[in-house]
Amino acid sequence: MSTLDRHDTIRAVAFGGEVLRLLDQRRLPAAETYLECRDAADVAAAIRDLAVRGAPAIGIAAAWGLVLEARRATALGQPLPAALAAASARLAAARPTAVNLAWALARMREALARAPADPLAVLAAEAQAIQDEDLAANRRMGALGAELIAPGSGVLTHCNTGSLATAGFGTALGVIRAGFASGKIAQVYATETRPWLQGARLTMWELVRDGIPARLIADAAAAHLLRAGAVQWVIVGADRIAANGDTANKIGTYALAIAARHHGVRFMVAAPSSTVDLATPDGTRIEIEERDPAELLAFAGQRTTVAGAVAWNPVFDVTPAALIDALVTERGVIERPDAARLRAAFAPAARGAA
Ligand code: MRU
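If you're wondering where the values come from, they're calculated on a predicted model, not measured in any experiment.

Asker: Sorry, what's going on with unusual backbone geometry here?
Answerer: Note: most peptide bonds trans; most residues except glycine with negative phi. The peptide bond linking Leu-28 to Pro-29 adopts the cis configuration, its omega dihedral lying at 0°. You can see Pro-29 is positioned in the loop between β2 (20-23) and β3 (34-37). Following Arg-194, the chain continues to Pro-195 via a peptide bond in cis, the omega torsion being 5°. Relative to the elements of secondary structure, Pro-195 occurs in the loop between β5 (185-191) and α8 (198-210). In the Ramachandran plot, Phe-169 falls in the positive-phi region, its phi being about 75° despite a non-glycine side chain. Among the secondary structure elements, Phe-169 is positioned in the loop between β4 (153-157) and α7 (172-181).

Asker: Would you explain the nonpolar core in this entry?
Answerer: Soluble globular proteins tend to pack their nonpolar side chains together in the buried interior. Core analysis: the largest hydrophobic core is formed by 49 residues, its most contacted members being Val-13, Leu-20, Ile-47 and Leu-91. When residues in this core are grouped by element, the largest group, 13 residues, is from helix α3 (residues 55-75). In this structure, this core is formed jointly by two domains, domain 1 (3-136) and domain 2 (140-353), each of which donates at least three residues. Ignoring any residue separated from it by four or fewer positions in sequence, one finds Leu-20 in contact with Val-13, Ala-14, Phe-15, Leu-35, Glu-36, Cys-37, Val-43, Ala-61, Trp-64 and Leu-68. Formed by 26 residues, the second largest nonpolar core is a distinct cluster that contains Leu-225, Ile-241, Leu-256 and Ala-257.

Asker: Can you walk me through the domain arrangement of the protein chain in this structure?
Answerer: By a widespread convention, an interface's size corresponds to the accessible area lost as its parts come together. Its domain assignment divides the protein chain into domain 1 (3-136) and domain 2 (140-353). Each of domain 1 and domain 2 was reduced to a C-alpha centroid, and the two centroids are 23 Å apart. Contact residues are listed per partner, giving 36 residues for domain 1 and 39 residues for domain 2. Summed over both sides, the interface between domain 1 and domain 2 buries roughly 3200 Å², with carbon and sulfur atoms accounting for 56% of that surface. Contact with domain 2 buries area across many residues of domain 1, yet His-7, Ile-10 and Thr-97 alone supply 23% of it, more than any other trio. Along the contact surface separating domain 1 from domain 2 lie one salt bridge. For Glu-289, the salt bridge goes to Arg-95, with nearest N and O atoms at 2.9 Å. For the pair domain 1 and domain 2, the number of links is 20 residue pairs in polar contact (both at pLDDT 80 or more). Contributing elements (two or more residues each) for the side of domain 1 that touches domain 2: α1 (3-6), α3, α5 (99-114) and α6 (119-147).

Asker: Any chance you could explain the side chain of Asp-24 here in plain terms?
Answerer: As for its position among the elements, Asp-24 is in the loop between β2 and β3. A polar side-chain atom of Asp-24 sits 2.8 Å from a polar atom in the side chain of Arg-26. Apart from the residues lying within four places of it in its own chain, the contact partners of Asp-24 are Thr-33, Tyr-34, Leu-35 and Ala-51.

Asker: What's the story with the sheet that holds strand β1 (residues 13-15) in this structure? I'm lost.
Answerer: Adjacent strands of a sheet pair through backbone hydrogen bonds, lying either parallel or antiparallel. With antiparallel pairing, the three strands of this open sheet are ordered in space as β1-β2-β3. Of all the strands in the sheet, the pair left with one neighbour each is β1 and β3. In this sheet, neighbouring strand axes are inclined to one another by 20° on average, regardless of whether the strands run parallel or antiparallel. By the bridge criterion, three bridges tie β1 to β2 in an arrangement that is antiparallel. Along β2, the bridge assignment pairs Val-13 with Leu-22. Its contacts with the sheet put helix α2 (residues 40-48) on β2 and β3, and the angle it makes with β3 is roughly 140°.

Asker: I'm lost on the packing of α2 against helix α4 (residues 80-92) in this one. Help?
Answerer: The geometry of a pair of packed helices is captured by two quantities: the angle between their axes and the separation between those axes. Running from N to C, α2 and α4 cross one another at 10°; their axes reach a closest spacing of 9 Å. Between α2 and α4, the angle falls in the class roughly parallel. Along its contact with α2, which presents Ala-40, Ala-41, Val-43, Ala-44 and Ile-47, the element α4 presents Ala-87, Arg-90 and Leu-91. Tallied by class, residues from the contact of α2 with α4 come to seven nonpolar, no polar and one charged.

Asker: Mind showing me how you'd approach the environment of Ala-113 here?
Answerer: Among the secondary structure elements, Ala-113 is positioned in helix α5. Its relative accessible area of 63% is what places Ala-113 among the exposed residues.

Asker: Looking at this model, I keep getting lost on the site of the ligand. Mind explaining?
Answerer: Taken together, 17 residues lie around the ligand, and Arg-53, Arg-95, Gln-198, Asn-249 and Lys-250 are the ones closest in. Contact between the ligand and Ala-55: an oxygen atom at 2.9 Å from a main-chain N or O atom of the residue. The contact in question runs from an oxygen atom of the ligand to an N or O atom on the side chain of Lys-250, over 2.7 Å. Contact with the protein chains covers 99% of the free accessible surface of the ligand, which is 420 Å². Taken atom by atom, the bulk of the ligand overlaps the largest cavity. When grouped by side-chain class, the residues that make up the shell around the ligand number six nonpolar, seven polar and four charged. Taken together, domain 1 (3-136) and domain 2 (140-353) each give at least three residues to the shell around the ligand, which thus spans both.

Basis of the calculations
- Residues take numbers from 1 onward in each chain, read along the sequence in its written order.
- Residue-level local features of this predicted model are given only where pLDDT is at least 70; pairs of side-chain atoms are given and counted only at 80 or more, and the full residue set underlies all totals for whole chains, interfaces and linings.
- To obtain the side-chain values, all non-hydrogen atoms of the structure were used and water was disregarded.
- What counts as a helix is a DSSP run of H or I of at least four residues, what counts as a strand is a run of E of at least two, and both are numbered from the N terminus.
- Here, nonpolar core means buried Ala, Val, Leu, Ile, Met, Phe, Trp, Tyr and Cys residues that are tied together by side-chain atoms lying within 4.5 Å of each other.
- Exposed residues in this analysis have more than 50% of their type's maximum accessible area, buried residues have under 20%, and partly exposed residues fall in between, with area computed by a 1.4 Å probe over protein chains only.
- Marked domain ranges trace back to an automatic or database domain assignment.
- The contact criterion used is simple: two residues touch if any of their non-hydrogen atoms lie within 4.5 Å.
- In this description, buried area is defined as the sum, over both parts, of the accessible area (probe of 1.4 Å) that is lost when the two are combined.
- Salt bridges are defined by distance alone: a side-chain nitrogen of Lys or Arg within 4 Å of a carboxyl oxygen of Asp or Glu.
- Polar contacts here mean pairs of N or O atoms no more than 3.5 Å apart (in protein, one a potential hydrogen donor and the other a potential acceptor; neighbouring residues in sequence count only if both atoms are side-chain atoms).
- In this scheme, strands are said to pair when DSSP sees at least two bridges between them.
- Fitted lines through C-alpha atoms give the axes, limited to the stretch in contact for helices. The angle between two N-to-C directions lies from 0 to 180 degrees.
- Roughly parallel means an angle under 35 degrees; roughly antiparallel means over 145; roughly perpendicular covers 65 to 115; every other angle is labelled oblique.
- Each residue gets one of three labels, nonpolar for Ala, Val, Leu, Ile, Met, Phe, Trp, Tyr, Cys and Pro, charged for Asp, Glu, Lys and Arg, and polar for the others, Gly among them.
- Nearness is defined per residue: one heavy atom within 4 Å of the molecule or strand is enough.
- Reported accessibility uses the Shrake-Rupley method at a 1.4 Å probe radius. Residues are deemed covered only where the shown protein chains occlude them.
- In this analysis the probe radius is 1.4 Å and the grid spacing 1 Å, with only protein atoms considered; a cavity is a set of points the probe fits into but cannot get out of, a pocket is an open set with protein on both sides within 12 Å along at least five of seven lines, and lining residues have an atom within 4 Å of a point.
- To decide whether a molecule occupies a pocket or cavity, check its atoms: if more than half lie within 2 Å of the grid points, it is inside.

Shown next, in the form of structure tokens:
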């Protein structure tokens, strides 16, 4: 087993023919239990309720949701186009910000349109391809991102971008895994990521499992840490990258980018090309999901605020492209991303040439 394979042992999304098994991220790290989805409605609920989360992972789960739906409708003798259209709409509506969800559903639709004769086989093959390509992209981004980092560096990451959020290995966490394996990264800091604690519950679970030196910090400790000089790169993932490079990611990412620029710390976004959305011109057009204020008003099921308190709970924000030093995708590294550089890398002519 190679060093990198040793850092690639978690599979949060697994299709088993009859069911889609999802490592239930609501219960980690206290319990490692799997949720079994039998149709698209189950998958949509799992995405909405964060049993599966992270931009690439929800796209992969949605693709398998359509496979389950095709099997269900076929078994019941229901017309497939109507069943798939309804399932697709339901899955797309589960969460609005990560473009990977709509991207995966569109890819499934296009695959079926190209080869409609054997829909069950075509859909299953496409879902598997989406999952396999995501894993390969993560391994490639890990290598590319690690090359940017000087030996012995400290890095700060936000939210969870690891195996749990992807087909495996991770985006920003994949860069961290590759950077640790090659001696580039000596110390990782992970933000807690209030209110859902993706950093505390999930990223720390992945890093401790992998034996990567990691310290948890409160979200509010980040600027203080960056000023101290222990961190050379902030490395985050993305939920949607607009055509001009503006990047939506977990709430708090924008504040980290401002603090990084202020303190001369470099800021890296690692995301597969499925997260790039050239149809969205800039960050102002990205829909930011707002979740139930109850997620803020209580902690671990215990109310922490006075009865009558109200809250606002946006769960993503947009980092302007001007604050991003490097965008790493499986296609390569774009330094100081802007509209021209993204168009050159991702517009259809560039894709055809690649
Ligand atoms: O609300 P979540 O947990 O789905 O948010 C996840 C993030 O913001 C991640 O940083 C992003 O999806 C990239 S995951 C590789």
